[in-house]
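Tertiary structure, described
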Amino acid sequence: MSLPFLFVQGTFSGNYFTDQGSTLVDGQPMPGPDKHHVRLYRGELHDIVPLKEFNPQEHLNRDALYLYNVTNIQLHPGNKQYIQEKIVYDFEQVVIKDARVKDSWEINGKTYGIVEGTFLGKIKVPSNAPEPTEPPTPAPEPCEPERPPVISRLSGCLSKLWDILKWLLLFLLLLLLLKKCNPSGCNLGLNNCRDCQEELARLRKQIDSINSDNTMGCSQAAKSGGRGITEKKHILGNQSGRVIVQYDMESVPDKLEVFYEGSLVASSSAVQGNVKGFVGGKNAAGCCGALSFDFQYNKEDYCMVRVTGGSSDTKWKYTLFCPK
C-alpha cells in the first residue's frame, strides 16, 4: 500500500538493542548510535503528521538519535486519518528527538529495551524484515513485596510480649517488697515500716556519731585527754573478729577500759602488776602493753573506750585495731 506522502512525524515507542553490556536507567537519554551500535527492530508510530520535507541535520541535538535503514515501524491511523489502516513500513533515515529509555534489560552481553520520543523519518517501502534472531526477554513485572516468614513475625511479637512481661514482673517484685516491709498492707509510707524505721534510726545514729568529736574509726591512734575521764567511740563495722588495743601510759599511771553495748569487754585491771586498774609509771604493770577482746556484732557497730587519767600532767596514747 502506497502513501500520499514520503516524510512523516509522530509519537514513537519501539524496541532497540545495543552492544552495551550494562542496562540503562528509565528516563536516561539513549547512547549515541556509533558508540554502542543502537538498532531499532520494532516500533509503533502514533499521532502521525505528514511533512513536506525532511532534513535530518535540522533536528539533531545531544538528545536525538539518528539512524539509517530502520525496519518494522507500524503506522497507526490518527484523528486526521492520513492513513486508513495499520501498516508496517521501513524508513531510509530516522531522527528520534528527545529519545528516552522507557525500560531496559540485558541478554547475553547486549542491552535490550524500549525507547520513546518524537519520530521524524523518510519512508522507504513496506517492511518484510524478519525479527531479530535474539528476541528480548520482556522486562520483569514488579512483584509484590515478600512478606516476612511466619517465624520471623512471631519472633517480633514474642519480643514485644517479653518486654511487657519484664515490666510486669518488676512491678510485682516491688509490691512484694513493700508487702514484706509492711505486713498490714501495701502502704507506701515509711511510718508503718518497722524494719525501715529501725534502719533509718541506725543510720541517723551512725551519722550523728561520726559528726561527734569523740568518734573515731578503728586503727586510729587516740592521744591523751589529760586528767579525769576521757571517752572515745570507735566504729568497728558489722564484721565480727578479734580486736586488739595497744596502749602506752608513759610515766604517769592511767586506767583503760573497753565497753560494747554497755558491757565491759577489756580492761587494764586484768594486766598483772596494776594498781587498782592503773598501769604505767613505776608500778609493776609497766607503761605499755596490749588488751584484746572478741567482737561479736549484734546491734551496735561501735565500742566505747574510757581512759581515766591519774593526774593533771598525765600523757597517754592507744590504738584500737579493726576486728580481724
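What comes next is a walk through the structure. (Residues numbered from 1 in each chain as written. Predicted model: local features only at pLDDT ≥ 70, side-chain atom pairs only at ≥ 80, totals over all residues. Heavy atoms only, no water.)

Moving on, we get to the sheet that holds strand E8 (residues 228-235). One open sheet accounts for five strands, arranged E6-E8-E13-E10-E11; its pairing is mixed. The sheet is open, and its two edges are formed by strand E6 (215-217) and strand E11 (263-267), each paired on a single side. When strand polarity is set aside, the average angle formed by the axes of neighbouring strands in this sheet is 30 degrees. Summarising the sheet, E8 and strand E13 (residues 302-309) pair through eight bridges and their orientation is antiparallel. Bridge pairing in E13 places Glu231 opposite Arg306. (Pairing = 2+ DSSP bridges. Helix = DSSP H or I, 4+ residues; strand = E, 2+ residues; numbered from the N terminus. Axes fitted to C-alpha atoms, helices over the stretch in contact; angles between N-to-C directions.)

Our next topic: the packing of aromatic side chains. Using the criterion set out here, one finds nine aromatic pairs in the structure. Their ring planes at 45 degrees and their centres at 5.8 Å tell us that Phe17 and Tyr41 sit as a pair that is tilted. Placement of the pair is Phe17 in strand E1 (residues 7-18) and Tyr41 in strand E2 (residues 39-51), with a sequence separation of 24 residues. Owing to a relative accessible area of 11%, Phe17 belongs among the buried residues under this scheme. Measuring from ring centre to ring centre gives 5.1 Å for Tyr66 and Tyr68, while their planes differ by 45 degrees; the resulting arrangement is tilted. (Phe/Tyr/Trp six-rings, centres within 6.5 Å; stacked < 30°, edge-to-face > 60°. Buried < 20%, exposed > 50% of the residue type's maximum accessible area, 1.4 Å probe, protein only.)

The next thing to look at is the pattern of salt bridges. Counted by the stated rule, this structure contains three salt bridges. A salt bridge links Arg306 to Glu231, with the shortest nitrogen-to-oxygen separation between them at 2.8 Å. Taken together, the positions of Arg306 in strand E13 and Glu231 in strand E8 put the pair 75 residues apart, joining distant regions of the chain. Residue Glu231 is classed as partly exposed on the basis of its relative accessible area of 35%. Here Asp294 and Arg242 are joined by a salt bridge, their closest N and O atoms 2.8 Å apart. Taken as a pair, Asp294 in strand E12 (residues 288-295) and Arg242 in strand E9 (residues 241-248) lie far apart in primary sequence, 52 residues in all. (Salt bridge = Lys/Arg side-chain N within 4 Å of Asp/Glu carboxyl O.)

The residue Asn72 is located in strand E3 (residues 65-75) in this model. Judged by relative accessible area, Asn72 falls into the buried class, the value being 10%. A distance of 3.4 Å separates a polar atom in the side chain of Asn72 from the backbone oxygen of Tyr41. (Polar contact = N/O pair within 3.5 Å; in protein donor to acceptor, adjacent residues only side chain to side chain.)

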